[in-house]
Each structure stands twice: as structure tokens, then as C-alpha cells.
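# Structural overview
As a plain string of letters, each chain reads:
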Amino acid sequence: MNKMILTKIIVGANFTIEPMVQFFPLLNKITGAHIQTKPILTDSIFQYLAENQHQIKQYQTIALFFKFDRLQLKGKTTQVKNSIALYKKILTSISNNLTGDLFIFICPSSKKLTARQQTIKDWVIKLQKQVNIVIFDEKNFLNLYKCEDVFSKYSEKTAQIPYTKKFYNILSICLTRAYCALHNTHKVIAVDCDNTLWTGICGEDTLENIKISSAQKSLQNFLCKKSDEGFLICLCSNNNEE
């Protein structure tokens, strides 16, 4: 029996992520690795990161969830600029010392961002240019998972839980998929041809009756990309090679 790999993940946010904690054990089951997660529940996430950089180094992966309308940016413009410079220095330092990846999830804001909050959001997005920093914009996972009820005014008022249970589930799924995508050990993709890569049956239909939808074209492009990355693509078909 193969020995399970010990992977440590630290999860932090500037809003309550308690509803996500129950899903952390699923990471172990889905990935097959023994993953230790440590949730950080604090509004002052940057302050925590600054004060605990040495402790954070023991974790292979860090996942940070930001709701930018909760950031408190008080003081003069020069003070805010200094804070932004400090935040950038903290995240850059942490990413440089990580053996794994830094995931940053930009979560939906329930209020319109101030100019200062928007400035921080903009430079956080630019961090994706660094090698081991992966940014997940709110548009990405809202397009993947349809969720009409994102915010919960009642739970935010009573328990400082800003999102609905369904949206917390989506955040948990996105974290799991992000980790699995970057730690995938599979090297072969097996795919059917007829009615998968195209609509119709090559051995029976005429060329005019073989159609390729936009979704099938996207799948073909995805497989080509994976082939360029070194994956083996296996076509499963009863059709003749000709």
C-alpha cells in the first residue's frame, strides 16, 4: 500500500468561513492525500499573515478568500499607499517561500467598493503574473456554478456570515478543484469520439450530418492543450482508422 502524502493547507479569509470548515475533510477523500487544513478566521487577514510568516512556511498551500468591501482602509492617502505596499510585500514574501501555491479567491462584494478598496482589488488581480500565485475571480466561479442567492442579509446581520449555504458550498468546491487541478497525478485522458467530440456517427452518417457544437469544439481545444502539456490522449472508438 502506498504511503499517503502529508500536505498542509492553510485557509484564511477576511469574513467568516466557518460554513466551509465542514467540507475540509472531503479534500482528503477526493485527493487521496492526507491534508491538514487550518482555518484562519479573522478580519485582519493581512495583519495575521504579517505576524505569522514563520509559522505559515510549514504549509505547502495557502488559500485566501477576500471580500473586498470588508477591508477597512482609514487614514490619509499616503497611509493607504503604505498599507498597500505592505500588503503586496507580505503576499510576495509568502509566495516566494512557499513550496506549493498561493490561491487567492476574489469573492463577491455586497456593497459598491470604495476607490481605495477597488485599488487593492486591482493590484491583487495583477499578482497572478507571479509564478505560484493563482487568482480566482468571482466571475469565474459564478459562471461555472449558477447561484442566484449569493448573499444572506439575515446571517450576515446575526452571525457575520455574508453568503448563503449554497455559495459557501461553491467556494468549497472551487478550492477542491483548484487543488486537484494543480496536483493532478493522472497523465492519460480517455475520450469517446462519436457523439462526444462531435455529434453523429462517423461509420454510419455522411460528412454533412457530422456536426460540431461550440461545447464540443471547446472540448477538442481542451484536449489539444492537454496534449501540448504532455498528457496522452486515448481515443476510444469502434470506427476504422481510415
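## Describing helix α9 (residues 165–182)
Helix length check: α9 (18 residues) gives 26 Å between terminal C-alpha atoms against 26 Å at 1.5 Å per residue, within 8%. Those residues of α9 that sit buried are Phe167, Tyr168, Ile170, Leu171, Ser172, Cys174, Leu175, Thr176, Ala178 and Tyr179.

## Focus: the side chain of Thr61
Mapping Thr61 onto the fold places it in strand β3 (residues 61–66). Take Thr61: its relative accessible area is 0%, and that puts it in the buried class. Residues within four places of Thr61 in sequence aside, it is in contact with Lys8, Ile9, Ile10, Asp101, Phe103, Tyr179 and His183.

## Remarks on empty space enclosed by the protein
On inspection of all chains with the given rule, the structure shows 1 cavity of 30 Å³ or more. Its boundaries defined by the atoms lining it, the largest cavity holds a volume of some 60 Å³. Around the largest cavity sit Gln53, Ile56, Lys57, Ser93, Ile94, Asn97 and Leu98, which together line it. At 3 residues, the largest contribution of residues to the lining of the largest cavity is made by helix α5 (residues 77–97). Here the lining of the largest cavity is built from residues that sort into 3 nonpolar, 3 polar and 1 charged.

## Quick word on the packing of aromatic side chains
Both the distance between ring centres and the angle between the ring planes are used here to describe each pair of aromatic rings. Counted under the stated rule, the structure contains 9 aromatic pairs. An aromatic cluster is present here, built from Phe15, Phe151, Tyr163, Phe167 and Tyr168 joined pairwise through their rings. In this arrangement the basic side chain of Lys187 is found over the ring face of Phe231, its NZ or CZ atom lying 5.8 Å from the centre.

## What to know about the nonpolar core
Residues Leu49, Leu91, Ile104 and Ile120 are the most contacted members of the largest nonpolar core, which totals 31 residues. Counting residues per element, this core draws most heavily on α5, which supplies 6 residues. Among residues more than four places away in sequence, those in contact with Ile120 are Phe68, Leu71, Leu73, Ile84 and Tyr87.

## Remarks on the pattern of salt bridges
Summed over the entire model, instances satisfying the criterion amount to 2 salt bridges. Between Lys67 and Asp69 there is a salt bridge, with its nearest N and O atoms 3.0 Å apart. With a closest N to O distance of 3.1 Å, Lys121 and Glu138 form a salt bridge. Here the residue Lys121 occupies a position in helix α6 (residues 115–126), and Glu138 occupies one in helix α7 (residues 138–144), the gap between them amounting to 17 residues.

## Some thoughts on the pairing of strand β7 (residues 232–236)
Sheet topology places strand β6 (residues 188–192) next to β7; 5 bridges connect them, and they run parallel. Pairing of Ile189 across the sheet is with Ile233, part of β7. Following the backbone out of β6, through helix α10 (residues 214–228) and into the adjacent parallel β7, one traces a crossover that is right-handed.

## Some remarks on unusual backbone geometry
Backbone geometry at Gln160 places phi at a positive 55°, although glycine is not the residue there. Tracing the backbone through its elements, the reader meets Gln160 in the loop between α8 (153–159) and α9. Overall, the relative accessible area of 47% leaves Gln160 in the partly exposed class. You will see that Asn195, though not glycine, has its phi angle at about 60°, which is positive. Within the fold, Asn195 resides in the loop between β6 and α10. Of the residues examined, Asn195 reaches a relative accessible area of 48% and is grouped as partly exposed.

Reading the values: rules and limits
- Residues numbered from 1 in each chain as written.
- Predicted model: local features only at pLDDT ≥ 70, side-chain atom pairs only at ≥ 80, totals over all residues.
- Heavy atoms only, no water.
- Helix = DSSP H or I, 4+ residues; strand = E, 2+ residues; numbered from the N terminus.
- Expected span 1.5 Å × (residues − 1).
- Buried < 20%, exposed > 50% of the residue type's maximum accessible area, 1.4 Å probe, protein only.
- Contact = heavy atoms within 4.5 Å.
- 1 Å grid on protein atoms, 1.4 Å probe; cavity = no way out; pocket = protein on both sides within 12 Å on 5 of 7 lines; lining within 4 Å.
- Points joined across faces, edges and corners; volume = space filled by probe spheres on them.
- Nonpolar A, V, L, I, M, F, W, Y, C, P; charged D, E, K, R; others polar.
- Phe/Tyr/Trp six-rings, centres within 6.5 Å; stacked < 30°, edge-to-face > 60°.
- Lys NZ or Arg CZ within 6 Å of the ring centre and 35° of its normal.
- Core = buried A, V, L, I, M, F, W, Y, C linked by side-chain atoms within 4.5 Å.
- Salt bridge = Lys/Arg side-chain N within 4 Å of Asp/Glu carboxyl O.
- Pairing = 2+ DSSP bridges.
- Right-handed = clockwise from strand over helix to strand, strands pointing away.

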